[in-house]
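# An overview of the molecular structure
Each chain is listed here by its residues.
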Amino acid sequence: MARFYGQDLGSALMLGTALYPSPAIMADAFRASGAGVATVSLRRENGASRAGQDFWSLVSNMGVPVLPNTAGCHTVKEAVTTAQMAREVFDTPWVKLEVIGHTDTLQPDVFGLVEAAKILCAEGFKVFPYTTEDLIVAERLLGAGCEVLMPWGAPIGSGLGLTNIQGLRTMRAQFPDVPMVIDAGIGLPSHAAQAMEMGFDAVLLNTAVARAGDPVAMARAFGKAVEAGRAAYLADPMEPSDMASPSTPLIGKAFLE
Amino acid sequence: MQVSVTGAGVVGLCVAAELAGRGAQVEVVDRVATPGPHACSWWAGGMLAPWCEKESAEEPVLRLGREAMDWWQQYTPVIRAGTLVLTLDRDSRKLDQFARRTSAYDIVDSETIQTLEPDLAGRFDRGLYFAQEAHLSPRDALNALTSRLADRGVTICGKASRTDGVSIDCRGLAASDALKDLRGVKGEMLLIRCADVTLNRPVRLLHPRIPLYIVPRGNGVYMLGATMIESSDRDRITARSLLEMLSAAYALHPAFAEAEIIEIGVDARPAFPDNLPRIRRDGDVIRVNGLYRHGFLLSPALARMAADLLLEGIKPEVMDEDYS
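As the structure is a prediction and not an experimental result, all values here were calculated from the model.

What follows deals with the domain arrangement of chain B. Residues and elements named next belong to chain B. The domain architecture assigned to chain B consists of domain 1 (2-62 + 136-178 + 273-312) and domain 2 (83-131 + 183-271). When each unit is reduced to the centre of its C-alpha atoms, the spacing between domain 1 and domain 2 is 26 Å. Facing the 28 residues of domain 1 at the interface are 31 residues of domain 2. Summed over both sides, the interface of domain 1 with domain 2 buries roughly 2300 Å², with 61% coming from carbon and sulfur. The salt bridge involving Arg204 is made with Glu53; its shortest N-O contact spans 2.7 Å. Linking domain 1 with domain 2 are seven residue pairs in polar contact (both at pLDDT 80 or more), by the criterion used here. Of all the secondary-structure elements, those providing two or more residues to the side of domain 1 that touches domain 2 are helix H2 (50-53) and helix H7 (138-151). Top element by residues in the side of domain 1 that touches domain 2 is H2. It accounts for three residues. Broken down by class, the residue content of the side of domain 1 that touches domain 2 amounts to 15 nonpolar, eight polar and five charged.

Written out as structure tokens, the structure is:
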């Protein structure tokens, strides 16, 4: 089972709470997917005044552990302030740390990320850093105190799936004991299944479900895909081969066709 | 029948007008006697666009919203010029997706776009045209309802003069004291004046997060809207929202860069968890609420249903659990 910072999750699917047609559809999507975590972004404009409390209560009341995130933060200072607000609002030390480098590519600013991770880990946060597949950055994040890594599959909201499969495989192999989540860029259940088959511990997505024509049906599909991918990984898949490999022996056949 | 309607926003005025038109003795209670910025409908877009809304709204919004045009026509000019949907994205797949989730549109090419909106000539290769949709001026409409009610002797008064009779609560978000599942969804809008661009109909721009639209109000005035933020905040606009709306206008036509900003509006729409409206009976009070971003679109249907309930005893389809 997916386990992060000592907590077991009911499912390896982490689902975002933005962009749904309505909170009721969001709640149905969570039920249908069996998601193990709800991520929620905290707009700073709401954090101070608590004007977003009604929505946050809807999220908290879904009965799924909440992982607040610092979505849309472009500087270390913004990300740290948002994380502190989130801890207060949701009463959890968990935070998904995003420090965005570009407004158009939404690529993580890994330098700012490491810096913010250091500050937050020192303050007792359990940080889930949204990063690239870069191994050195990963080492620095672990050094900063992170016990989870969240490499991207593809740019946020792109739905492209895993665009650097080899890089992600290398990262998985390099840090075999670190819980890892594929975050961002997942567009289809097959992308999520692929990530799980590769041995990642969870996937995090939002747009692929929330912006589907039928978010609830898509959520259900993702729940199944994540489960199937995890089961396949645990079942120790066969090694692929470049050549055909007959499943019944040829020797001894009366005629070779 | 004697009815007291509390709240003189779009819902309250529509309910009062419908009831008065069907012979009930109505009074309207609000702390302010004329329509104004205290009601969130003051800031509305005024698009009667049920087919476009269907992209993200549920089925009742399309079905009930279709009643709106003829209903409003009784009180205020309804401009039946359709809606043009465009994408600023080079990638037109978003337009295909919008088309898949809606109906009653024509796919239009640059030539048709030029015919519909000459000022947009050469700027867009492809769009969707929803010919059956319409728009109105929300403030004119609210004023028209108020004066029509006044003609019937119904004025907006500060407190109820009767305690007998039926009471209808149309207070919008202010009713969250009685409706615990009501929440605010913040919206921000702008009114701009730009003499250099003429648009004949609302233009919607596909945007990854919010439905951005520009509604012509005549005389070079345009309404730009609207953000959708899970927040009950009613009085602050952020730089981000302002930038997003203005850049959308600028991308639609660069001449909007010279526009004068006339007004900035911020308010919170009342919404239930499924973003659909409700009529809820609560003892002697009937509450009509949760019209979300569809105040002008759905008030006529909700007013009809409230009147059917009171005058004919017909249970409305949007009536939910009885709290009495």
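Further notes follow.
Membership of the largest hydrophobic core comes to 80 residues, with the highest contact counts inside it found for A:Phe4 and A:Met14. Ranked by the residues each element gives to this core, the list is headed by helix H4 (residues 76-90) of chain A, at eight residues. Excluding anything up to four places from it in sequence, A:Phe4 contacts A:Leu9, A:Met14, A:Trp94, A:Phe128, A:Val148, A:Pro179, A:Val181, A:Asp201 and A:Ala202. Core analysis: the next-biggest nonpolar cluster, separate from the first, contains 75 residues, B:Leu13, B:Val26, B:Trp72 and B:Ile156 among them.

Here we take up the interface of chain A and chain B. Taken together, the contact pairs 18 residues of chain A with 22 residues of chain B. Taking both sides of the interface into account, the surface hidden between chain A and chain B amounts to around 1500 Å²; carbon and sulfur atoms contribute 48%. One can count zero salt bridges joining chain A with chain B. Across the contact surface, chain A and chain B share three residue pairs in polar contact (both at pLDDT 80 or more). For the side of chain A that touches chain B, the per-class residue count stands at nine nonpolar, five polar and four charged.

This paragraph deals with the side chain of A:Thr131. Along the chain, A:Thr131 turns up in strand S7 (residues 126-131). Look past the residues within four positions of A:Thr131 in its chain and what remains in contact with it is A:Pro108, A:Val110, A:Leu113, A:Val137, A:Leu141, A:Met150, A:Pro151, A:Trp152 and A:Met171.

Residues and elements named next belong to chain B. Pairing within the open sheet is mixed, and its eight strands lie in the order S5-S6-S4-S11-S12-S13-S10-S14. Unpaired on one side and paired on the other, strand S5 (106-109) and strand S14 (260-271) mark the two borders of the sheet. Strand-to-strand twist in this sheet, taken as the mean axis angle between neighbours without regard to direction, amounts to 25°. Taken together, the three bridges between strand S4 (residues 83-87) and strand S6 (residues 126-130) define a ladder with antiparallel strand orientation. Residue Thr83 lies in a different strand from S6, and its bridge partner there is Phe130. Across the sheet, helix H5 (residues 93-100) is in contact with S4, S6 and strand S11 (203-206); its angle to S6 comes to roughly 20°. Contacting S4, strand S10 (183-193), S11, strand S12 (212-218), strand S13 (221-225) and S14, helix H8 (residues 239-252) runs over the sheet at an angle of about 45° to S10.

Residue and element names in this part refer to chain A. Their axes nearest at 9 Å, the elements H4 and helix H5 (residues 110-122) cross at an angle of 35°. In terms of crossing hand, the pair formed by H4 and H5 is right-handed. Of the residues in H5, those in contact with Val76, Val80 and Ala83 of H4 are Gly112, Glu115, Ala116, Ile119 and Leu120. Its residues placed into classes, the contact of H4 with H5 shows six nonpolar, one polar and one charged.

Another point: the pairing of S11(B). Residue and element names in this part refer to chain B. Across four bridges, S4 lies against S11 in parallel orientation. Among the inter-strand pairings, Leu86 is bridged to a residue of S11, identified as Leu205. In terms of strand pairing, S11 meets S12 through three bridges, oriented antiparallel. Residue pairing for S12: Leu205 is matched across the bridge by Leu212.

With that settled, consider the confidence of the model for chain A. Taken over all residues, the pLDDT of chain A has a mean of 91, while the share at 70 or more is 94%. At the low end of the mean pLDDT range in chain A sits helix H2 (residues 44-49) of chain A, at 62; at the high end sits helix H8 (residues 189-197) of chain A, at 97.

Okay, the packing of aromatic side chains next. Residues and elements named next belong to chain A. Across all of its chains, the model carries ten aromatic pairs over all chains by this definition. Judged by centre distance (4.9 Å) and plane angle (50°), the rings of Trp94 and Phe128 are tilted. One end of the pair, Trp94, is in strand S6 (residues 94-97); the other, Phe128, is in strand S7, and 34 residues separate them in sequence. Phe128 carries the same exposure label as Trp94, and that label is buried. Put simply, the rings of Phe4, Tyr5, Trp94 and Phe128 touch in pairs and so form one group of aromatic residues. Across the ring face of Phe125, the terminal group of Arg87 is positioned such that the distance to the ring centre comes to 4.0 Å. Arg172 extends its terminal NZ or CZ atom over the ring of Phe200, reaching a point 5.8 Å from the ring centre.

Before going further, it helps to spend a moment on unusual backbone geometry. Of note, the amide linkage connecting B:Gly225 to B:Ala226 takes the cis form, showing an omega dihedral of -25°. Position of B:Ala226 relative to the elements: it lies in the loop between S13 and H8. A positive phi is found at A:Asp91, a non-glycine position, where the angle reads about 55°. Relative to the helices and strands, A:Asp91 is located in the loop between H4 and S6. For A:Asp91, a relative accessible area of 70% puts it in the exposed group. Notably, B:Asn219 is not glycine yet its phi reads approximately 55°, a positive angle. Here B:Asn219 shows up in the loop between S12 and S13. A relative accessible area of 77% places B:Asn219 in the exposed class.

Parameters at a glance
- Residues numbered from 1 in each chain as written.
- Chains lettered and ligands numbered in written order.
- Predicted model: local features only at pLDDT ≥ 70, side-chain atom pairs only at ≥ 80, totals over all residues.
- Heavy atoms only, no water.
- Domains from an automatic or database assignment.
- Contact = heavy atoms within 4.5 Å.
- Buried area = accessible area lost by both parts, 1.4 Å probe.
- Salt bridge = Lys/Arg side-chain N within 4 Å of Asp/Glu carboxyl O.
- Polar contact = N/O pair within 3.5 Å; in protein donor to acceptor, adjacent residues only side chain to side chain.
- Helix = DSSP H or I, 4+ residues; strand = E, 2+ residues; numbered from the N terminus.
- Nonpolar A, V, L, I, M, F, W, Y, C, P; charged D, E, K, R; others polar.
- Core = buried A, V, L, I, M, F, W, Y, C linked by side-chain atoms within 4.5 Å.
- Buried < 20%, exposed > 50% of the residue type's maximum accessible area, 1.4 Å probe, protein only.
- Pairing = 2+ DSSP bridges.
- Axes fitted to C-alpha atoms, helices over the stretch in contact; angles between N-to-C directions.
- Left-handed = near helix turned anticlockwise from the far one by under 90°.
- pLDDT = per-residue confidence, 0-100.
- Phe/Tyr/Trp six-rings, centres within 6.5 Å; stacked < 30°, edge-to-face > 60°.
- Lys NZ or Arg CZ within 6 Å of the ring centre and 35° of its normal.

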